[in-house]
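Chain residues, written in single-letter form:
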2 protein chains.
Amino acid sequence: MRIALLGGTGDIGQGLALRWAYDTDHEVIIGSRDPEKARTKAEEYETELDSRGREVTVKGFENAMAADRADVVVLAVPPYHVGDTVDAVADKLDSETVLVSPAVGMKGDEDGMHYHAPSAGSVTALAARAAPDDVPVVGAFHNLSADRLANLDVELDLDTLLVGDDPDAKDTVSQLAAAIEGLRALDAGPIANASEVESVTPLVINIARHNDGMHDVGVKFQ
Amino acid sequence: MRIALLGGTGDIGQGLALRWAYDTDHEVIIGSRDPEKARTKAEEYETELDSRGREVTVKGFENAMAADRADVVVLAVPPYHVGDTVDAVADKLDSETVLVSPAVGMKGDEDGMHYHAPSAGSVTALAARAAPDDVPVVGAFHNLSADRLANLDVELDLDTLLVGDDPDAKDTVSQLAAAIEGLRALDAGPIANASEVESVTPLVINIARHNDGMHDVGVKFQ
């Protein structure tokens, strides 16, 4: 399968790119608004993987070209760029493409991080509204520490929660998630349930801040 | 220490009462608006504990009398009764009493359960507003399955998240939580961070519904 990480030069994109390239045989494509940046980062990831004995090709493209080549397109961009990014790649998507939304709206103050949903109710819902009607959207990978994901020396032993209204698309993303070593995919229901999933992200940041030794903490349901 | 569980005849109250009475030497008091119901339930808990070789006294009182006797008062009532319950016991509380809020506002529809915060921002904040100014409030025990808590045959191996603005009160509740076997207390910061903690409750209900074998699921941060 071909996975395009739009905003794949950023922190969560880097982590997912490295994990998929290292743990699976899926083809990873890095997307960016700046194709040169995408290529540079893709080469960096190749070098990092090669240093670990994993010889794979990671290519970099401008976002729309990356999306055009992919079966699964991950919107690894900040929440305020999700709408624009979907618009920029919309005509490269079709009913066979699965769009994945990992972004979370947050606001920080002196007390901590707080969940800040867009007017659509969640970033996943925002992505679903922005996407062409026939393109299935799945929310996933919200609550993973980017640093922990990007450090291949660290065993994850974590869950990621999936929300989506299209069972086949959710199943595809579930399999991609579970293909990452130490990551378990759980179903949290339809996109209407996304805000409770997304709001775990500020929560884990607050827990990391207030408890010794819990840097880069993630979540497990048991 | 004396712990009063107001609404201790209900499901989360029962679970906490049984766990504290079984696992610790703290004195557990059951409160209810109906003192007769409180006494009947307290006797049921005593019988249950006795059947497991734990001979302890559990007393039942009307809520205000229960609160009057306690060092820690747990508002184990539905979210829409939190304000009334605090009002009913307010003159029995003082700066030495710690008020604990485990309730969560939720609304269910065909998609699942959704977090529904009161206008105060969270039920914990609502409890803090309702409480006399000098009475410290700590949010805790929100995300625990009542059935799992009440079944002493089940090992918990779970976390509970604490929010509070008074470090000493939070420390007291943290120790009470950690005294329950298999329960770890984590600090999620001040009461301003309560909504992210409370919204894990609808999330775990949605996860239980959508994943086989995850009935009564709880959460662990790692």
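Scroll up a little and you will see the structure.
Procedures and definitions
- Residues numbered from 1 in each chain as written.
- Chains lettered and ligands numbered in written order.
- Predicted model: local features only at pLDDT ≥ 70, side-chain atom pairs only at ≥ 80, totals over all residues.
- Heavy atoms only, no water.
- Helix = DSSP H or I, 4+ residues; strand = E, 2+ residues; numbered from the N terminus.
- Rg over C-alpha atoms; globule rule 2.2 N^0.38 Å.
- Buried < 20%, exposed > 50% of the residue type's maximum accessible area, 1.4 Å probe, protein only.
- Contact = heavy atoms within 4.5 Å.
- Areas by Shrake-Rupley, 256 points an atom, 1.4 Å probe, with all protein chains shown as cover.
- Lys, Arg positive; Asp, Glu negative; His and termini not counted.
- Charge placed at Lys NZ, Arg CZ, Asp CG, Glu CD.
- Buried area = accessible area lost by both parts, 1.4 Å probe.
- Polar contact = N/O pair within 3.5 Å; in protein donor to acceptor, adjacent residues only side chain to side chain.
- Nonpolar A, V, L, I, M, F, W, Y, C, P; charged D, E, K, R; others polar.
- Pairing = 2+ DSSP bridges.
- Salt bridge = Lys/Arg side-chain N within 4 Å of Asp/Glu carboxyl O.
- Arc of directions from axis to C-beta.
- Least-squares fit on C-alpha atoms with pLDDT ≥ 70 in both.
- Right-handed = clockwise from strand over helix to strand, strands pointing away.

Asker: Sorry if this is basic, but what is going on with the overall build of chain A here?
Answerer: Looking only at helices and strands, chain A has nine helices and eleven strands in total. Its C-alpha atoms give chain A a radius of gyration of 16 Å, within 12% of the compact-globule value 17 Å for 222 residues. When the backbone C-alpha atoms are referred to their principal axes, chain A occupies close to 40 × 40 × 30 Å. Across the 222 residues that make up chain A, the buried fraction comes to 56%. Partitioning the intrachain contacts of chain A with sequence separation of at least 6 by distance along the chain shows that 73% fall at a separation of at least 24. With the model as given, the accessible surface of chain A reaches about 9,000 Å², and the carbon-plus-sulfur share is 43%. Each charge class in chain A can be summarised by its mean position, and for the 18 positive and 40 negative side chains these summaries are 2 Å apart.

Asker: Explanation requested: the interface of chain A and chain B in the structure shown.
Answerer: The extent of an interface is frequently quoted as the accessible surface area lost upon association of the parts. The partner chain B presents 35 residues to the 35 residues of chain A that form the contact. Buried area between chain A and chain B, both sides added, is near 2,700 Å², and the carbon and sulfur share of it is 57%. When the area that chain A buries against chain B is broken down by residue, the three leading residues are E196, L203 and Q222 of chain A, summing to 26%. Linking chain A with chain B are 14 residue pairs in polar contact (both at pLDDT 80 or more), by the criterion used here. Within the residue set of the side of chain A that touches chain B, elements represented by two or more residues are β7 (112-115), β9 (158-164), β10 (183-187), α8 (194-198), α9 (200-210) and β11 (219-221) of chain A. Broken down by element, the residue count for the side of chain A that touches chain B peaks at seven residues, all from α9 of chain A. Each residue belonging to the side of chain A that touches chain B can be placed in one class, and the counts come to 18 nonpolar, ten polar and seven charged. As paired strands, β11 of chain A and strand β11 (residues 219-221) of chain B are joined by three bridges and run antiparallel to one another.

Asker: Even after reading the chapter, I still don't get the pattern of salt bridges, so can you show me in this structure?
Answerer: Close approach of charged atoms allows side chains of opposite charge to pair. Within this structure, the stated rule accounts for 18 salt bridges over all chains. R52 of chain A serves as the salt-bridge partner of E48 of chain A, at 3.1 Å between the closest nitrogen and oxygen. Close ionic contact of E27 of chain B with R2 of chain B constitutes a salt bridge, the shortest N to O distance being 3.0 Å. Of this pair, E27 of chain B sits in strand β2 (residues 27-32) while R2 of chain B sits in strand β1 (residues 2-6), and the two are 25 residues apart along the sequence. In this structure E27 of chain B comes out as partly exposed when scored by relative accessible area, which is 32%. Of the residues examined, R2 of chain B reaches a relative accessible area of 35% and is grouped as partly exposed. In the salt-bridge network here, residues are joined through shared partners; they are E48, R52 and D153 of chain A.

Asker: I would appreciate a short explanation of the environment of A169 of chain A in the present structure.
Answerer: All names here are of chain A. Within the fold, A169 resides in helix α7 (residues 167-178). The exposure class assigned to A169 is buried, which follows from its relative accessible area of 3%. Sequence separation between A169 and P136 is 33 residues; the distance between their C-alpha atoms is 6.3 Å. Ignoring anything within four residues of it in the chain, the contact list for A169 reads V98, P136 and V138.

Asker: Would you take a moment to explain helix α4 (residues 82-89) of chain A for this structure?
Answerer: Every α-helix carries 3.6 residues per turn, so stepping three or four residues along brings you back to the same face. Taken as a whole, α4 of chain A has its buried residues at V82, G83, T85, V86 and V89 of chain A. For α4 of chain A, the buried positions fall inside an angular range of 165° around the axis, keeping them on one side.

Asker: Quick question: what am I supposed to make of the relation of the copies chain A and chain B here?
Answerer: In this structure, two copies of a chain are linked by a rotation about an axis accompanied by a shift along it. The two copies are related by a screw operation: chain A maps onto chain B through 180° of rotation and 0.0 Å of translation along the axis, at an RMSD of 0.0 Å. The two molecules are tied by a two-fold rotation axis, judged by turn and shift. Proximity to the rotation axis, assessed at the C-alpha, singles out K220 of chain A in chain A; its C-alpha lies 2.6 Å from the axis. Interface overlap between copies: 100% of the residues of chain A at the interface are likewise at the interface in chain B, consistent with a symmetric, same-surface contact.

Asker: When you look at the pairing of strand β9 (residues 158-164) of chain B in this model, what are you seeing that I'm missing?
Answerer: Put simply, side chains in a regular strand alternate between the two faces of the sheet. Residue and element names in this part refer to chain B. Judged by how many residues are buried, β9 sits mostly within the fold: seven of seven residues are covered. Neither face of β9 is left uncovered, since the one carrying L158, T160, L162 and G164 and the one carrying D159, L161 and V163 both have all their residues buried. Here strand β8 (residues 137-139) pairs with β9 via two bridges, running antiparallel. What sits directly across from V138, in β9, is G164. For β9 and strand β10 (residues 183-187), the ladder comprises five bridges, and the chain directions are parallel. Of the residues in β10, the one forming a bridge with L158 is L183. A crossover connection joins β9 to the parallel β10 through helix α7 (residues 167-178); in handedness this β-α-β unit is right-handed.

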